[in-house]
Amino acid sequence: MVSVEALCKDPLSSPLLDNIRLLYNDFFCMALKNYITPSGMKRLKNEALHLLDVERPELVKVIHWAASNGDRSENGDYIYGKKRLREIAKRIRLLTKKLDSAVVIDPEHRDGTDQVFFGATVSFQRADSCKDTISIVGVDEADAKKGLVSWISPLATCLLKARSGDTVYLDTPSGKEKVTLIAVEYKRIDIDCPPLR
């Protein structure tokens, strides 16, 4: 049972919220297929290996050293180290579930089609004549600044199954926006940004 005082001290790091986050992540991993590109899969694997092979062993050494200093109740290195170790364990657990449920789709091996599916790089024009190009990628790969849009985002779901030359309507806070597809291509998508954590 979590006390009210524990929740009031630091609501963002309470055990109750940590458990809710874990349940949400577990549900998310089970409820949706985790479509991902080969480079996104490589990035997730690299992050998991880095946590297991580099960060965790270094942290265990620090915790061991801090524990050998005596009183653990007021030992900041020990307390912080144990907290960080729990965070690493949670992240490794989440990455493992995402990797286990991953469905790798390589856009380079897609048949020649002008229809939009996962992995497509789509050029389109908005109603205000602004032209954009995006690539539809997995949830863990999305980065709007680089034109990488998650396949479950409103823009991607609006574009899915449309063909080059089609006009679709995107639901926005200010109403429906007209979007005309200019080109659809399937090419290699590089996810070279650093891991999320």
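Residues numbered from 1 in each chain as written. Predicted model: local features only at pLDDT ≥ 70, side-chain atom pairs only at ≥ 80, totals over all residues. Heavy atoms only, no water.

(A) Expanded view of the nonpolar core. Val116, Val122, Ile134, Leu159 and Leu181 are the most contacted members of the largest nonpolar core, which has 20 residues in total. Among the secondary structure elements, those contributing two or more residues to this core are strand 3 (120-126), strand 4 (131-137), helix 5 (154-159), strand 6 (167-172) and strand 7 (175-186). Residues in contact with leucine 159, not counting those within four places in the same chain, are Val116, Val122, Phe124, Ile134, Val168, Val179 and Leu181. Counting residues in hydrophobic clusters, the runner-up holds 16 residues, among them Leu51, Ile88, Ile92 and Ala102. (Core = buried A, V, L, I, M, F, W, Y, C linked by side-chain atoms within 4.5 Å. Buried < 20%, exposed > 50% of the residue type's maximum accessible area, 1.4 Å probe, protein only. Helix = DSSP H or I, 4+ residues; strand = E, 2+ residues; numbered from the N terminus. Contact = heavy atoms within 4.5 Å.)

(B) Representation of the packing of aromatic side chains within the structure. What the rule picks out here adds up to two aromatic pairs. Summarising the aromatic geometry, the rings of tyrosine 35 and phenylalanine 118 are spaced 5.8 Å apart at their centres and angled 40° between planes, so their arrangement reads as tilted. Of this pair, tyrosine 35 sits in strand 1 (residues 34-36) while phenylalanine 118 sits in the loop between strand 2 (102-104) and strand 3, and the two are 83 residues apart along the sequence. In this structure tyrosine 35 comes out as partly exposed when scored by relative accessible area, which is 22%. For phenylalanine 118, a relative accessible area of 9% gives the class buried. (Phe/Tyr/Trp six-rings, centres within 6.5 Å; stacked < 30°, edge-to-face > 60°.)

(C) Molecular detail of helix 4 (residues 76-100). With 25 residues, helix 4 extends 36 Å from end C-alpha to end C-alpha; this agrees with the ideal 36 Å at 1.5 Å per step. For helix 4, the complete set of buried residues consists of Tyr78, Gly81, Arg84, Leu85, Ile88, Arg91, Ile92, Leu94, Leu95, Lys98 and Leu99. (Expected span 1.5 Å × (residues − 1).)

(D) A look at the pattern of salt bridges. Within the structure shown, the criterion is met by 10 salt bridges. Of the charged contacts, one joins lysine 98 and aspartate 140 as a salt bridge, the two residues approaching to 2.6 Å between their closest N and O atoms. Here lysine 98, found in helix 4, pairs with aspartate 140, found in the loop between strand 4 and strand 5 (148-150); they are 42 residues apart in sequence, far enough to count as distant. In this structure, aspartate 114 and arginine 163 form a salt bridge, with 3.0 Å as the shortest nitrogen-oxygen distance. Of the two residues, aspartate 114 sits in the loop between strand 2 and strand 3 while arginine 163 sits in the loop between helix 5 and strand 6, which places them 49 residues apart along the sequence. (Salt bridge = Lys/Arg side-chain N within 4 Å of Asp/Glu carboxyl O.)

(E) Region of interest: helix 3 (residues 38-67). With 30 residues, helix 3 should reach 44 Å at 1.5 Å per residue; the first-to-last C-alpha distance of 42 Å fits that figure. Largest kink in helix 3: about 35°, centred on leucine 51. For helix 3, the set of buried residues is Ser39, Gly40, Met41, Arg43, Leu44, Glu47, Ala48, Leu51, Leu59, Ile63, Ala66 and Ala67. Summarising the contacts, the buried residues of helix 3 are in contact with strand 1, helix 4 and strand 2. (Bend = angle between axes of the 7 residues up to and from the residue.)

(F) Local environment of unusual backbone geometry. Of note in this structure, serine 129 is not a glycine but carries a positive phi near 70°. Locating serine 129 in the fold gives a position in the loop between strand 3 and strand 4. Positive phi, normally seen in glycine, also occurs at lysine 161, with a value near 75°. Note on placement: lysine 161 falls in the loop between helix 5 and strand 6.

(G) Region of the structure containing a positive patch on the surface. A cluster of basic residues, Arg72, Lys82, Lys83 and Arg86, forms a positive patch on the protein surface. Tracing the sequence through the fold places arginine 72 in the loop between helix 3 and helix 4. (Patch = residues over 30% accessible without salt bridge, like charges linked within 9 Å, V, L, I, M, F, W, Y side chains within 5 Å. Areas by Shrake-Rupley, 256 points an atom, 1.4 Å probe, with all protein chains shown as cover. Lys, Arg positive; Asp, Glu negative; His and termini not counted. Charge placed at Lys NZ, Arg CZ, Asp CG, Glu CD.)

(H) Spatial organisation of the packing of helix 3 against helix 4. Where helix 3 contacts helix 4, the two axes come as close as 9 Å, and the packing angle between them is 160°. Considering their axes alone, helix 3 and helix 4 lie roughly antiparallel with respect to each other. Here helix 3 runs over helix 4; the crossing is left-handed. Partitioned by chemical class, the residues of the contact of helix 3 with helix 4 number 17 nonpolar, one polar and eight charged. (Axes fitted to C-alpha atoms, helices over the stretch in contact; angles between N-to-C directions. Parallel < 35°, antiparallel > 145°, perpendicular 65-115°, else oblique. Left-handed = near helix turned anticlockwise from the far one by under 90°. Nonpolar A, V, L, I, M, F, W, Y, C, P; charged D, E, K, R; others polar.)

Purely spatial values, then, with no claim about function.
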